[in-house]
Amino acid sequence: MKQKIEATTHFNSGFEGSLELKDGAIPIGIAPNQVSPYRMLQGALIGCFHSTFLDIIQKKRVTYDRVTYKTFGEKRDEVPATLETLHIDIYITNVSNELQVEKSYALATKVCSVYQTLTHVATLSYSIHFE
């Protein structure tokens, strides 16, 4: 069965608004404490990517203490200024099996829907840093 997705977003007369959620809202804009569209895109990518990684790694019974993702990329100059490249640096601590973590991230790039969606317009890459 297909999963339905839904969101409500409100904007004032300018570029200041909010993404409404069940339990609150995320402020959208370019001012401090607001999230811009490409920051939301990066958050959506990492949220999906990490969730997919968790599904895979839990089945392998691999443990770790913490993971941090840092993303950076570039947009094209042409209109529409779509994403051109995006790199993910993954910092993961106290891993019980590094090889299985590497394999799990490789698989996550293939089955994460947001990652796959973005590969249609951009070159995505990642690096794993074991700490």
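Located above this text is the structure these notes cover.
Residues numbered from 1 in each chain as written. Predicted model: local features only at pLDDT ≥ 70, side-chain atom pairs only at ≥ 80, totals over all residues. Heavy atoms only, no water.

## Remarks on the sheet that holds strand β1 (residues 8-11)
Line of reasoning, step 1. One open sheet holds the 3 strands; their spatial order is β1-β2-β3, and the pairing between them is antiparallel. The sheet is open, and its two borders are formed by β1 and β3 (24-28), each paired with just one other strand. Averaged over neighbouring strand pairs, the angle between their axes works out to 25° when direction is ignored.
Line of reasoning, step 2. In this sheet, strand β2 (residues 17-21) lies alongside β1 in antiparallel orientation, the contact comprising 4 bridges. Bridge pairing links F11 to G17 in β2. (Pairing = 2+ DSSP bridges. Helix = DSSP H or I, 4+ residues; strand = E, 2+ residues; numbered from the N terminus. Axes fitted to C-alpha atoms, helices over the stretch in contact; angles between N-to-C directions.)

## Details of a nonpolar patch on the surface
Line of reasoning, step 1. Together, F11, F15 and I30 line one region of the surface with nonpolar side chains, adding up to about 350 Å² of accessible area.
Line of reasoning, step 2. Here F11 is to be found in strand β1. (Patch = residues over 30% accessible without salt bridge, like charges linked within 9 Å, V, L, I, M, F, W, Y side chains within 5 Å. Areas by Shrake-Rupley, 256 points an atom, 1.4 Å probe, with all protein chains shown as cover. Salt bridge = Lys/Arg side-chain N within 4 Å of Asp/Glu carboxyl O.)

## What to know about the packing of helix α1 (residues 37-59) against helix α2 (residues 98-111)
Line of reasoning, step 1. Put simply, α1 and α2 touch, their axes get as near as 9 Å, and they point 130° apart. Considering their axes alone, α1 and α2 lie oblique with respect to each other. You can see that α1 and α2 cross each other, and the crossing is right-handed. Between α1 and α2, the residues in contact are F49, T52, F53, I56 and I57 and Q100, V101, S104, Y105, L107, A108, T109 and V111, respectively. (Parallel < 35°, antiparallel > 145°, perpendicular 65-115°, else oblique. Left-handed = near helix turned anticlockwise from the far one by under 90°. Contact = heavy atoms within 4.5 Å.)

## A word on α2
Line of reasoning, step 1. An ideal rise of 1.5 Å per residue puts 20 Å on 14 residues; α2 measures up with 20 Å between its terminal C-alpha atoms.
Line of reasoning, step 2. Listed as buried for α2 are Q100, V101, S104, Y105, A108 and T109.
Line of reasoning, step 3. Looking at the buried positions of α2, the neighbouring elements they touch are α1, β4 (66-75), β5 (83-93), α3 (113-118) and β6 (123-130).
Line of reasoning, step 4. A side-chain oxygen of the first residue of α2 lies 3.2 Å from the backbone nitrogen of L99; this N-cap is N97. (Expected span 1.5 Å × (residues − 1). Buried < 20%, exposed > 50% of the residue type's maximum accessible area, 1.4 Å probe, protein only. Polar contact = N/O pair within 3.5 Å; in protein donor to acceptor, adjacent residues only side chain to side chain.)

## Let's talk about the packing of aromatic side chains
Line of reasoning, step 1. This structure, assessed with the given rule, holds 9 aromatic pairs.
Line of reasoning, step 2. A centroid spacing of 6.1 Å and a plane angle of 50° characterise the contact between F53 and Y64, whose relative ring orientation is tilted. Of this pair, F53 sits in helix α1 while Y64 sits in the loop between α1 and β4, and the two are 11 residues apart along the sequence.
Line of reasoning, step 3. A centroid spacing of 6.3 Å and a plane angle of 80° characterise the contact between Y69 and Y105, whose relative ring orientation is edge-to-face. Here Y69 is found in strand β4, whereas its partner Y105 is found in helix α2, with 36 residues between them in sequence.
Line of reasoning, step 4. The structure contains a cluster of three or more aromatic residues connected by ring pairs, namely F49, F53, Y64, Y69, Y105, Y115 and Y126.
Line of reasoning, step 5. Sitting above the plane of the Y91 ring, K70 keeps its charged end 5.4 Å from the centroid. (Phe/Tyr/Trp six-rings, centres within 6.5 Å; stacked < 30°, edge-to-face > 60°. Lys NZ or Arg CZ within 6 Å of the ring centre and 35° of its normal.)

## Topic: the side chain of T109
Line of reasoning, step 1. As for its position among the elements, T109 is in helix α2.
Line of reasoning, step 2. For T109, a relative accessible area of 12% corresponds to the buried category.
Line of reasoning, step 3. Apart from residues no more than four positions distant in its own chain, T109 is found in contact with F49, Y115, Q116 and Y126.

## Some points on the environment of D55
Line of reasoning, step 1. With respect to the helices and strands, D55 occurs in helix α1.
Line of reasoning, step 2. The spacing of D55 and A108 is 53 residues in sequence and 9.1 Å in space, taken between C-alpha atoms.

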